[in-house]
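Structural description and commentary
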Amino acid sequence: MKNRFYKYFPWLFVLGDILTVSFSFFISNKVFQPFEEFKGLDFPTFPAFIMIWMVITILKEDFKIGRTNEADQTFKKLIGSLAWFLVIISMIWMPFHDNSLRLLSFLSLAASLLVFLGIYRVGVHLILRKYRETGYNYRRAVILGTGGTSDQLAQVFRLRRDFGIKFLGYYDDKDGSGQTRGNIEKFFEEAINLNIDQIYISEHLEEKKVRKIINFADEHYIKVKVIPGGSLQLEKNLSFSKYGDFFVINVNEIPLDNAFNRMFKRAFDIVFSAFVLVFILSWLIPLVGLLIKLESKGPIFFIQERNGENNKVFICLKFRSMTPNDYADTKQAVKNDPRITRIGSFLRMTSLDEMPQFINVLLGDMSIVGPRPHTIPMNRVFKTQIEKYNSRHKIKPGITGLAQVKGYRGEIENPHQIRSRVKLDYFYIQNWSILFDLKICILTVYELIVNRENAY
């Protein structure tokens, strides 16, 4: 339910914005209909202005109404977007309309947009608040550590139900008052069953425990917010959230938590994968499929379950490069592996065996760039051996990734290789940008041309 809300709300918000802007243009033009010298905006101009508004409101993420923001913050955000819009259309439209009423018409339009968009935006804000106050679109939260600012924050949650944060209680090793659910170790035992979305860490907790909690949260995709305290020394980029007059620190936010960034990355994936599917896979699949069938019996595709975003299992597609065997999931390919066919060796050397994964990208299970997905048995082993290994599943897996262009491809021969992969994947997740993706795509092509011998 919560995922559906965040998937559809931005689009509904933007649609409402477009309708409100259209209504504002209509009202503004109606005001000047009695004047024959002014006939309002040309119809071809109107769609262009709507597109400009859409670009501004999406780039500025006006659809992100924070659950702890007040209505005045939403209105201030509108003022900023409206200022940009009016500056742009004034430069495009006013110089080409030299009648005496053009300034008055422009001011009328600005006033209409301010009034009607203001009513719409603040209305959406208040409706969303009421929606959360009645028990929908809430986040389940616990506080680790009692006393001081922890108690103040808990009181905020109880008083401000419109924030949509359901406070489940405290966990603390030192509390003897009986107000906690248990100690910190009990939290680790109960967190998954409680379906916790957010953890708030008290300033009184020891740094060692704080780090353990953050690592646990990274492994289980739980957001961590630290109640400010001078004793905290964390090697993280921090941002802040405001709850009324109360501030907390967001510890493990990533660029792809941003809805616009996710939308931008997904658009890139769809365009890229659709191009590959139409212009390359349309003829490559029949050709490679015929060669595979001529050499050995069995299916054209190798189909395998792998872990994707948030550890969700999906069906990963590859061209079959081995003779059918019972060890494909548990035994990784090695150099001179007798299971690899002749055509399979060529496919692996050129990485053409990965091409069907563009279908996975189009279906939404994978991305063009991201951490490479390992088999489920390998994930189970590495999760027990590598600290924060599971954090690489915060985002969708990719056909290529930073680790691969840095030389960590193919067989994993020693623990250093997988640890390096995980570190590079984690760096990518923390520092994602669309330019970073484009750079990795270019480096992937270079690696395939220069270092083909590293893949098999």
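Keep in mind that this is a model prediction, so the values were computed, not measured.

Thresholds, definitions, all that
- Residues numbered from 1 in each chain as written.
- Predicted model: local features only at pLDDT ≥ 70, side-chain atom pairs only at ≥ 80, totals over all residues.
- Heavy atoms only, no water.
- Salt bridge = Lys/Arg side-chain N within 4 Å of Asp/Glu carboxyl O.
- Helix = DSSP H or I, 4+ residues; strand = E, 2+ residues; numbered from the N terminus.
- Buried < 20%, exposed > 50% of the residue type's maximum accessible area, 1.4 Å probe, protein only.
- Contact = heavy atoms within 4.5 Å.
- Pairing = 2+ DSSP bridges.
- Right-handed = clockwise from strand over helix to strand, strands pointing away.
- pLDDT = per-residue confidence, 0-100.
- Phe/Tyr/Trp six-rings, centres within 6.5 Å; stacked < 30°, edge-to-face > 60°.
- Core = buried A, V, L, I, M, F, W, Y, C linked by side-chain atoms within 4.5 Å.
- Expected span 1.5 Å × (residues − 1).
- Arc of directions from axis to C-beta.
- Axes fitted to C-alpha atoms, helices over the stretch in contact; angles between N-to-C directions.

Turning our attention to the pattern of salt bridges. For the structure shown, the criterion picks out 20 salt bridges. Between Lys 209 and Asp 173 there is a salt bridge; the shortest N-O distance is 2.4 Å. Taken together, the residues span a long stretch of sequence, with Lys 209 in helix H7 (residues 207–220) and Asp 173 in the loop between strand E2 (165–171) and helix H6 (184–190) at a distance of 36 residues. We classify Lys 209 as partly exposed; its relative accessible area is 23%. The closest approach of N and O atoms between Lys 212 and Glu 185, which form a salt bridge, is 3.1 Å. On the criterion of sequence distance, the pair formed by Lys 212 in helix H7 and Glu 185 in helix H6 is long-range, its members being 27 residues apart. The class for Lys 212 is partly exposed, based on a relative accessible area of 44%. A relative accessible area of 40% places Glu 185 in the partly exposed class. When salt bridges that share partners are traced, they join Glu 70, Arg 129, Arg 160 and Asp 162 into one network.

With that settled, consider the side chain of Glu 219. Tracing the backbone shows Glu 219 in helix H7. Among residues more than four places away in sequence, those in contact with Glu 219 are Lys 383, Lys 388, Tyr 389, Asn 390 and Ser 391.

A large share of E2 lies buried, amounting to six of its seven residues. The sheet contact formed by strand E1 (residues 139–144) and E2 spans five bridges and is parallel. Pairing of Ala 141 across the sheet is with Phe 167, part of E2. As for the winding sense of the linkage, the β-α-β connection from E1 through helix H5 (residues 149–159) to E2 is right-handed.

Here the protein averages 82 in pLDDT, while 85% of its residues score no lower than 70. No element of the protein has a lower mean pLDDT than strand E5 (residues 239–243), which averages 75, and none a higher one than strand E9 (residues 367–369), which averages 96. Scored below 50 in pLDDT, residues 34–44 makes 13 contacts in the model with residues more than four places away or belonging to other chains.

Scanning the model with the defined rule gives 21 aromatic pairs in all. Between Phe 157 and Phe 167, the ring centres sit 6.1 Å apart and the planes meet at 40°, which makes this aromatic pair tilted. Within this pair, whereas Phe 157 is found in helix H5, its partner Phe 167 is found in strand E2, the two being separated by 10 residues in sequence. Residue class for Phe 157 comes out buried when judged on its relative accessible area of 4%. A relative accessible area of 19% means that Phe 167 is categorised as buried. A ring pair is formed by Phe 272 and Phe 358, whose centres lie 6.0 Å apart and whose planes are at 5°; its orientation type is stacked.

On to the environment of Leu 363, then. Along the chain, the position of Leu 363 falls in helix H10 (residues 357–363). C-alpha separation for the pair Leu 363 and Ser 273, spaced 90 residues apart in sequence, amounts to 9.7 Å.

Of all hydrophobic cores here, the largest spans 33 residues; its most connected members are Phe 319 and Tyr 428. Taken together, the elements giving at least two residues each to this core come down to helix H8 (259–295), strand E8 (313–319), helix H9 (342–350), H10, E9, helix H12 (402–405), helix H13 (415–430) and helix H14 (434–450). Looking at this core, the element that brings in the most residues is H8, giving seven residues. Those residues in contact with Phe 319, other than ones at most four positions away along the chain, are Leu 284, Ile 285, Val 288, Ile 292, Ile 300, Phe 301, Phe 302, Leu 347, Leu 352, Asp 353, Met 355 and Pro 356. Ranked by size, the runner-up nonpolar core spans 29 residues in total, among them Phe 63, Leu 86, Leu 113 and Leu 128.

Quick look at H14 now. Over its 17 residues, H14 runs 25 Å from end to end, which matches the ideal 24 Å to within 8%, given 1.5 Å per residue. Of all the residues in H14, the buried ones are Ile 434, Phe 436, Asp 437, Ile 440, Cys 441, Thr 444 and Glu 447. The arc that holds the buried residues of H14, viewed along the axis, is 145°, so those residues lie on one side. Structural note: H14 exposes Leu 435, Lys 439, Ile 442 and Ile 449 on the side pointing more than 90 degrees away from its buried face.

Take the sheet that holds strand E4 (residues 223–226) next. Overall, mixed pairing links the six strands, which are arranged E2-E1-E3-E4-E6-E5 in an open sheet. The open sheet is flanked by E2 and E5, the only strands paired with a single partner. Sheet twist, expressed as the average angle between the axes of neighbouring strands with direction ignored, equals 30°. Here E1 pairs with strand E3 (residues 198–201) via four bridges, running parallel. By the bridge assignment for E3, Leu 144 is matched with Ile 201.

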